[in-house]
Amino acid sequence: MNEILKQFAPITLEEMSSVKLMNRTDTKFVTTMPMLLQLLEMAAPQYFAQEVAGKRVASYNTTYFDTTEFDMYYTHQAGHANRQKIRFRTYVDSDLQFMEVKTKNNHKRTKKKRMEVADMDLSDKEKLEFLQKHLRYDAGTLIPAIQNSFDRITLVNRGKTERLTIDMNLQFHNLVTGTEKQMTDLVIVELKRDGLCYSPVLAMLNELRIHPHGFSKYCMGSALTNHHLKVNRFKVKLLEVGKILRGKASMP
């Protein structure tokens, strides 16, 4: 992996400032590590790799909150296009933490609002004001639901019109049930771009037969680690992921 990543020209966080894509369309793909290595070999001539302090693989920790009735989980499961999620994301290497509210509208566009924080205390006045402005749910009903950790590679196309995030070594820890789940053979690729601008990687993904596949880390992680939740339509997605990973990892 590291040898392949050395083939990419680097891009710094400062140089990526024009590729924030806070109002964007997202397309996810699910694959395995061997297929990822092939994809990286193909993408190297046309993409930059984000580099921070000499590292091209960054570690992330994320804590998702939901209401006591898991309304955000069930809204997503029901297939509602207009939905929200709230999370605290920690960038391990830089020791920065942000509270983020993600809103996906019925036009399949994702908007993200965030603020830098020092902790996850929701009684803080500044956090409450932020949530009242951006979140449709009552902050008083929110509880920490699940944590995940993963490693991420971030690629940027030469035209700087898109970002490609590649998440690996995914692990879940459910804060309600205490259950843990490791999915270290799974790779989640997410293409983030403004509108439907040309994307070089789409042809590469198609050549490798890596097709679009929805995968919400919050919802799928919750379905795998909290058996009190109804799975319903997520059951099909879990079976599909199991097929992708067949021979690599077992699914419940």
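Residues numbered from 1 in each chain as written. Predicted model: local features only at pLDDT ≥ 70, side-chain atom pairs only at ≥ 80, totals over all residues. Heavy atoms only, no water.

Draft legend 1. Fine view of the overall build of the chain. Scanning the chain for helices and strands turns up 7 helices and 11 strands. By principal-axis analysis of the C-alpha atoms, the chain measures approximately 50 × 40 × 35 Å. Expressed as a percentage of the 252 residues in the chain, the buried residues total 49%. Sequence-distant contacts in the chain: of pairs separated by 6 or more residues, those separated by 24 or more amount to 70%. Within the structure as shown, the chain displays about 12500 Å² of accessible surface, and the carbon and sulfur contribution to it stands at 49%. Side chains of the chain give 38 positive and 28 negative charges; the mean places of these two sets differ by 7 Å. (Helix = DSSP H or I, 4+ residues; strand = E, 2+ residues; numbered from the N terminus. Buried < 20%, exposed > 50% of the residue type's maximum accessible area, 1.4 Å probe, protein only. Contact = heavy atoms within 4.5 Å. Areas by Shrake-Rupley, 256 points an atom, 1.4 Å probe, with all protein chains shown as cover. Lys, Arg positive; Asp, Glu negative; His and termini not counted. Charge placed at Lys NZ, Arg CZ, Asp CG, Glu CD.)

Draft legend 2. How the structure looks around the pattern of salt bridges. This structure, assessed with the given rule, holds 10 salt bridges. Between Asp 93 and Lys 55 there is a salt bridge whose closest N-O contact spans 2.9 Å. Of the two residues, Asp 93 is situated in the loop between strand E5 (83-91) and strand E6 (96-104) and Lys 55 in the loop between strand E3 (47-50) and strand E4 (58-67); the sequence distance between them amounts to 38 residues. Look at Asp 93 and you get partly exposed, because its relative accessible area is 44%. Close ionic contact of Glu 190 with Lys 192 constitutes a salt bridge, the shortest N to O distance being 4.0 Å. Each of Arg 87, Glu 100, Lys 112 and Arg 114 takes part in one network of salt bridges that share partners. (Salt bridge = Lys/Arg side-chain N within 4 Å of Asp/Glu carboxyl O.)

Draft legend 3. Representation of the pairing of strand E7 (residues 109-116) in the model. Across 7 bridges, E6 lies against E7 in antiparallel orientation. Bridge assignment links Phe 98 to a residue of E7, and that residue is Glu 116. The hairpin formed by E6 and E7 contains 4 residues between the paired strands, and Lys 108 there has a positive phi angle of roughly 65 degrees. (Pairing = 2+ DSSP bridges.)

Draft legend 4. Examining the nonpolar core more closely. Grouped together as the largest cluster of nonpolar side chains are 26 residues, with contacts concentrated most on Tyr 73, Leu 170, Met 183, Leu 186, Phe 215, Tyr 218 and Val 241. Where this core is concerned, the elements lending two or more residues are E4, strand E8 (142-157), strand E9 (162-174), strand E11 (186-193), helix H6 (217-225) and helix H7 (234-244). With 5 residues, H6 is the largest single contributor of residues to this core. Among the nonpolar cores identified, the runner-up in size contains 24 residues, and Phe 8, Ile 153, Met 168 and Ile 210 belong to it. (Core = buried A, V, L, I, M, F, W, Y, C linked by side-chain atoms within 4.5 Å.)

Draft legend 5. Representation of the confidence of the model for the chain. Taken residue by residue, the chain gives an average pLDDT of 91. The fraction at 70 or more is 94%. Scored below 50 in pLDDT, residues 247-252 shows 12 contacts in the model against residues more than four places distant or in partner chains. (pLDDT = per-residue confidence, 0-100.)

Draft legend 6. Just unusual backbone geometry, in detail. The residue Asp 95 is not glycine, and still its phi comes out positive at about 55 degrees. Looking at where Asp 95 falls in the secondary structure, it is placed in the loop between E5 and E6. Exposure remark for Asp 95: the relative accessible area of 66% places this residue in the exposed category. Unusually for a residue other than glycine, Asn 169 sits at a positive phi of about 55 degrees. Looking at the secondary structure, you find Asn 169 in strand E9.

Draft legend 7. Fine view of the packing of aromatic side chains. The full count for this structure, using the stated rule, is 7 aromatic pairs. For the ring pair Phe 65 and Phe 88, a centre distance of 5.3 Å and an interplane angle of 55 degrees mean the geometry is tilted. Here Phe 88 lies in strand E5 and Phe 65 lies in strand E4, a separation of 23 residues in the sequence. Judged by its relative accessible area of 5%, Phe 65 is buried. (Phe/Tyr/Trp six-rings, centres within 6.5 Å; stacked < 30°, edge-to-face > 60°.)

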